[in-house]
Amino acid sequence: MITLKSYLAGKWQAGAGEGSTLLDPTTEEPLARVSSEGLDFAAAVAYGRDVGGPALRAMSFVERAAMLGKLAGALREAREMLLDESIKSGGTTRSDAKFDVDGATGTIAYYADLGSKLGDRGFFVEGADGEQGEKLARSPRFCGYHVRVPLRGVAVHVNAFNFPAWGMAEKAAVALLAGVPVISKPATSTAALAFRLMEVLVASGALPDGAWQLVCGSAGDLLTHLGGQDVLAFTGSAATARALRALPNVIEHSVRVNVEADSLNAAVLAPDVDDDTYQMFLRDVVKEVTQKTGQKCTATRRVLVPADDLDRVEQDLAERLQRIVVGDPSDSDVRMGPLVNRAQLAEARAGVDKLVSAGARVVYGDPNQVEARGRSGDQGYFFGPVLLRADAPDEAIAVHAHEVFGPVATLMPYEGAEQAAKLVAMGGGGLVASVYSDDAELTKALTLELAPYHGRVFVGSKKVADVATPPGMVLPSCVHGGPGRAGGGEELGGTRGLDLYLQRSALQGDRAVLERALGLR
Ligand code: NAP
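What you are looking at is a predicted structure, and each value in this text was computed from that prediction instead of being measured.

Chemist: In this structure, what is going on with the packing of aromatic side chains? I would like to understand it.
Modeler: Remark: the centre distance and the inter-plane angle together describe each pair of aromatic rings, the angle taken between the planes. Throughout the structure, instances matching the rule amount to ten aromatic pairs. Relative to Y436, the ring of F281 has its centre 5.5 Å away and its plane inclined at 70 degrees; by these criteria the two rings are edge-to-face. Separated by 155 residues along the polypeptide, F281 in helix α9 (residues 275-290) and Y436 in strand β19 (residues 430-436) bring together distant segments of the chain. We classify F281 as buried; its relative accessible area is 0%. With a centroid separation of 6.0 Å and 50 degrees between ring planes, the pair formed by Y436 and F458 is classed as tilted. Of this pair, Y436 sits in strand β19 while F458 sits in strand β20 (residues 454-460), placing them 22 residues apart in sequence. Ring pairs connect the aromatic residues Y278, F281, Y436 and F458, which therefore count as one cluster. Here K292 stacks its cationic end above the ring of F163, 4.5 Å away from the centre of that ring.

Chemist: Hey, could you run me through the domain arrangement of the protein chain in this one?
Modeler: The parts lose accessible area when they come together, and the size of an interface is often stated as this lost area. Taken as a whole, the protein chain is organised into domain 1 (41-261 + 490-517) and domain 2 (265-483). With centres defined by C-alpha atoms, the gap from domain 1 to domain 2 works out at 31 Å. In total, about 2100 Å² of surface goes out of reach between domain 1 and domain 2, with carbon and sulfur atoms giving 63% of it. For the interface between domain 1 and domain 2, the tally reads seven residue pairs in polar contact (both at pLDDT 80 or more). For the side of domain 1 that touches domain 2, the secondary-structure elements that each account for two or more residues are α3 (79-90), α4 (94-115) and β22 (489-492).

Chemist: Could you clarify how one ought to interpret the packing of α4 against helix α5 (residues 166-178) in this entry?
Modeler: A packed helix pair is summarised by two numbers, namely the angle formed by the two axes and the spacing between the axes. Contact pair α4 / α5: the axes reach a minimum separation of 8 Å and the direction vectors enclose 10 degrees. Put simply, α4 runs roughly parallel to α5. With respect to the hand of their crossing, α4 and α5 are arranged in right-handed fashion. In this structure, α4 uses D100, G103, A104, T107, I108, Y111, L114 and G115 to contact α5, whose residues at the interface are W166, G167, A169, E170, A173, V174 and L177. Here the contact of α4 with α5 is composed, by residue class, of nine nonpolar, four polar and two charged.

Reading the values: the criteria
Residues numbered from 1 in each chain as written. Predicted model: local features only at pLDDT ≥ 70, side-chain atom pairs only at ≥ 80, totals over all residues. Heavy atoms only, no water. Phe/Tyr/Trp six-rings, centres within 6.5 Å; stacked < 30°, edge-to-face > 60°. Helix = DSSP H or I, 4+ residues; strand = E, 2+ residues; numbered from the N terminus. Buried < 20%, exposed > 50% of the residue type's maximum accessible area, 1.4 Å probe, protein only. Lys NZ or Arg CZ within 6 Å of the ring centre and 35° of its normal. Domains from an automatic or database assignment. Buried area = accessible area lost by both parts, 1.4 Å probe. Polar contact = N/O pair within 3.5 Å; in protein donor to acceptor, adjacent residues only side chain to side chain. Axes fitted to C-alpha atoms, helices over the stretch in contact; angles between N-to-C directions. Parallel < 35°, antiparallel > 145°, perpendicular 65-115°, else oblique. Left-handed = near helix turned anticlockwise from the far one by under 90°. Contact = heavy atoms within 4.5 Å. Nonpolar A, V, L, I, M, F, W, Y, C, P; charged D, E, K, R; others polar.

Dropping the structure here:
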């Protein structure tokens, strides 16, 4: 059994005490021990601010991009080891492991490429390219320039258990390119993969001292050391987000907080779609319900179909879900591994009960038992796909409010675009809504109705049926996040994501003096 160490202040450090033992979700065998007890988080924050920050700020975008390129290269070389770790410690199939691990590498590589085009400055000057800045007085001599400069603190990234690799990498790539040092805090239950990733990143030699630190185990007092130049980016449950936002120092120092939380993502099927579009809809829904055993923030939780099509869709989805082989994720025929731990298994079962109490009924699957290939006795946290149906969707409030973090979705009927939009909006703000339609008018009405409630709206139709990525795939060039229940945050989106780590400041003065100070002349 290995001990997961934290990487703080330039050293690998193990916490004191017993800590917690992480189990293989397939066999329940002990895999790793982790503790952060006694680690000096005040020193880690200071190290990031005083050592990592100056090193990153001394680099231009192009130099930071080159660093990211080396990190991506190191992860690529370690790919097989990382995939194996994901399969073992996360209970992921190889395909799900790739989604996480390749997603991490791909996102870092994307920001390496983006940064390589941002030039030799380490900050942004708006209007630098031949424009004149803001005219502020009668004389053009007195003018204003907006700059966006890296904050002087650290970015603490607290992540959810479901994407130990991608979750850590997608946040860090953006902060590092912006010039802000990172302290990653992966969820304890799946920290083994994050630990392996960090070993590879540190060994690559590409990181300046203090640029990227890692906490394995609980966050302890880490967040209490954050101040007005620091950033807290959190992914996880709405309940934890509430607690973190309410930390006295976070309130007192207006610490920048970005939250990515729960989301009851909906898929809407329009009436009379082309068969290509219908097949795309079925394929995407099944993928979004079962990929990573439904432990995905962008997974489809609600499926809205025209009332007349409800029975047919129920039958077609059930038929496809039946083909999903559940079991030991190291078996290449298995399509869905176990949930990540016993607590998540209990929560998923309780969640289905909650949806049933709210008026939905199970039409496919059994939350309390599943046949799992390669399972030893009753070991492992297996949970098969479950499809529910709520015939009175306006009344089934919990279906729109309770996220079951497993392979569970609820099918519902709607009559007309207006009701579809109203039902989707009952989710209270989400990460992604998908619409499958070949009717341009309906698409127009729905997309613009859904956009205020979502960070992303995905439109499936026959012409993109064989080229589109699935709606649950977060791409670094488009923003990720959502209002309301989804946390109100925003990440990625190319250069947009860097803004979380930059301060915009309006510099006002003599044009010549400012332009010299900014290196514009
Ligand atoms: P969680 O229980 O809220 O934990 C998330 C992270 O917060 C973990 O690293 C956890 O550390 C840490 N944490 C918990 N209490 C803390 C505290 N008092 N101070 C500092 N850190 C604390 O969520 P989860 O169970 O890992 O993840 C599932 C949830 O995440 C789902 O609701 C899902 O929708 C959401 N999610 C959202 C997105 C998105 O992008 N919007 C992506 C993925 C997941 P420990 O593990 O050490 O307790």
